[in-house]
Amino acid sequence: MLFTPLVAAVSLAAISHVAAKPTPKPSSTDNLKPMTQIELGPRPYYLVDNMSDGPLKAKLSSCRELKMRPSSFSIAHRGGAPLQFPEHSRESNLAGARMGAGILECDVAFTRDLELVCRHSQCDLHTTTNVVDVPRLNAKCTQPFAPASDGQPASAKCCTSDFTLQEFKSLCSKMDSFNASAATPGDYLGGILPWRTDLYNTCGTTMSLKEHIAMTRALGLQFTPELKTPQVPMPFRGNYTQQRYAQQFIDTFKEAGIPPSRVYVQSFLYDDILYWLQHEPAFARQAMFLDSVADLFGMDAAVANLTQYKEDGVRYVAPPLPYLVTARDGKIVPSEYAKRAKQLGLKILTWSLERSGPIAEVHALGDYFYGSIQDVVTRDGDIYTLVDVLARQVGVAGMFSDWTATVTYYANCFGLGL
Ligand SMILES: *[C@@H]1O[C@H](CO)[C@@H](O)[C@H](O)[C@H]1NC(C)=O
Ligand SMILES: *[C@@H]1O[C@H](CO)[C@@H](O)[C@H](O)[C@H]1NC(C)=O
Ligand SMILES: *[C@@H]1O[C@H](CO)[C@@H](O)[C@H](O)[C@H]1NC(C)=O
Ligand SMILES: *[C@@H]1O[C@H](CO)[C@@H](O)[C@H](O)[C@H]1NC(C)=O
């Protein structure tokens with residue numbers, strides 16, 4: 001008993017030491033090949049056990065001993081495993097792939113030397129990497145770290161465009177979090193939600209788009225890159241226009257010899273979709289418009305806009321979960337948006353499952369992704385009720401998730417995207 005805390009203290013010190021002096025890891029694809037042993041871990045089985053009795057639980061229970069396969073219905077978000085792994089890291093991607101994701105995501109932003117890298121937002125390096133804790137690089141941030149003081153929260157703003165590719169690659173990837181009361185840069189890296197974990201937070205490997213493509217190809221999987229909307233005025237550095245950025249993004253796939261049929265490009269910026277429709281029709285065939293219109297203008301506007309997308313030649317819309325479902329008589333049912341998109345013959349993908357933590361908390365406190373069904377979800381098993389409505393009633397073609405095993409299990413059980 002006496003020795004336990006001492007041992008823990010020693011090993012914690014060792015971990016901090018490692019975290020403080022990260023050694024960039026090579027991100028070679030030499031040893032990667034398609035994964036045949038798909039491992040879902042206990043979570044899907046736990047979720048099924050927690051469902052209320054009925055035909056869906058019975059069906060999902062009947063798949064317990066299936067040998068699982070990768071499914072293109074199961075799309076890795078932020079790597080595919082950021083429920084537990086540093087986001088957009090190589091490690092998150094490998095975990096997402098091991099859990100059967102058929103499509104891997106790289107959200108794309110540009111560096112100061114105009115290279116493309118994977119990050120959830122151009123200016124989130126202060127919350128998704130250790131940058132503020134590396135003095136030489138923190139100094140280059142748009143806004144270097146400032147400690148909490150006089151009731152003001154700690155702050156920083158660090159963008160991929162503040163750094164060269166080489167500098168970006170020297171950073172450690174971590175889960176999206178910050179500690180608003182931080183007095184030191186090291187403390188600012190904290191604040192990870194308790195239902196995530198620091199277990200794998202041991203300097204996740206940051207990736208360029210080229211590395212992400214090489215990795216995904218070696219794994220034999222498909223690609224879903226998102227062109228992140230710039231957070232700096234465009235054109236950047238004189239002549240780097242939005243169109244050049246959108247073109248470079250496509251060119252990176254062409255140069256790697258990836259056929260457009262294996263690539264699902266995404267953007268929230270409708271002009272990017274229009275640009276691809278005009279200049280890169282082969283890639284535009286599978287382009288997803290990430291719809292956030294209801295957040296800005298209300299759901300009626302979002303529904304009304306669908307007609308325009310169809311007329312413009314858009315084939316895939318990808319709204320967040322709450323646009324597609326609503327609650328009626330205590331049940332989850334398809335929304336007007338879902339019905340209209342289907343009626344128009346638009347293909348639908350959605351995001352992001354498994355980003356919200358325990359459902360009891362979601363029910364009590366609310367959460368963006370369950371915003372339209374908060375009252376009717378009360379326990380973790382309800383996650384599969386939602387997945388089932390989306391898959392079989394809304395008819396989504398795939399789902400982004402932060403823990404791909406959950407979607408992979410459903411997809412295998414119902415024979416989707418295999
Ligand atoms: C599901 O989990 C909740 C806690 O979130 C628990 O109260 C409930 O009893 C569980 N239900 C089943 C069927 O396991
Ligand atoms: C947040 O920062 C404060 C002040 O530096 C520190 O005392 C606290 O332990 C930190 N919390 C976490 C969760 O890192
Ligand atoms: C952009 O400007 C840089 C430096 O002024 C120049 O070297 C480069 O060729 C220009 N690129 C394009 C596409 O115009
Ligand atoms: C959707 O609708 C809003 C409000 O009606 C409009 O301002 C916006 O431009 C539309 N968005 C797109 C992408 O067409």
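Computed from a predicted structure; not experimentally measured.

Focus on the pairing of strand β8 (residues 222–227)
With 6 of 6 residues buried, β8 is to be regarded as a mostly interior element. Two elements, strand β2 (residues 101–110) and β8, share 6 bridges in a ladder whose sense is parallel. The residue of β8 that forms the bridge with C106 is P225.

Points about the packing of aromatic side chains
Taken as a whole, this structure holds 21 aromatic pairs when the rule is applied. Look at Y270 and Y309: their rings are 5.1 Å apart centre to centre, the planes differ by 45°, and that puts the pair in the tilted class. Here Y309 lies in helix α14 (residues 299–312) and Y270 lies in helix α11 (residues 270–279), a separation of 39 residues in the sequence. By relative accessible area, which is 3% here, Y309 ends up buried. Between the aromatic rings of W351 and F369, the centroid separation amounts to 6.2 Å while the plane-to-plane angle is 75°, which identifies the pairing as edge-to-face. One end of the pair, W351, is in strand β14 (residues 347–353); the other, F369, is in the loop between α17 (359–365) and α18 (382–394), with 18 residues separating them in the sequence. A residue is classified by how much of its surface remains accessible, and W351, at 12% relative accessible area, is buried. Each member of the aromatic cluster is reached from another via a ring pair, and the members are F110, F236, Y240 and Y245. Looking at K59, its charged tip hangs above the ring of F414, at a distance of 5.3 Å from the centre.

Side note on the nonpolar core
In this structure, W276 and Y370 are the most contacted members of the largest nonpolar core, which totals 108 residues. Considering each element in turn, this core owes the most residues, 8 residues, to α18. Once you skip the residues sitting within four places of it in the chain, Y370 turns out to touch L353, S356, I359, V362, V377, I383 and L386.

Criteria and thresholds
Residues numbered from 1 in each chain as written. Chains lettered and ligands numbered in written order. Predicted model: local features only at pLDDT ≥ 70, side-chain atom pairs only at ≥ 80, totals over all residues. Heavy atoms only, no water. Buried < 20%, exposed > 50% of the residue type's maximum accessible area, 1.4 Å probe, protein only. Helix = DSSP H or I, 4+ residues; strand = E, 2+ residues; numbered from the N terminus. Pairing = 2+ DSSP bridges. Phe/Tyr/Trp six-rings, centres within 6.5 Å; stacked < 30°, edge-to-face > 60°. Lys NZ or Arg CZ within 6 Å of the ring centre and 35° of its normal. Core = buried A, V, L, I, M, F, W, Y, C linked by side-chain atoms within 4.5 Å. Contact = heavy atoms within 4.5 Å.

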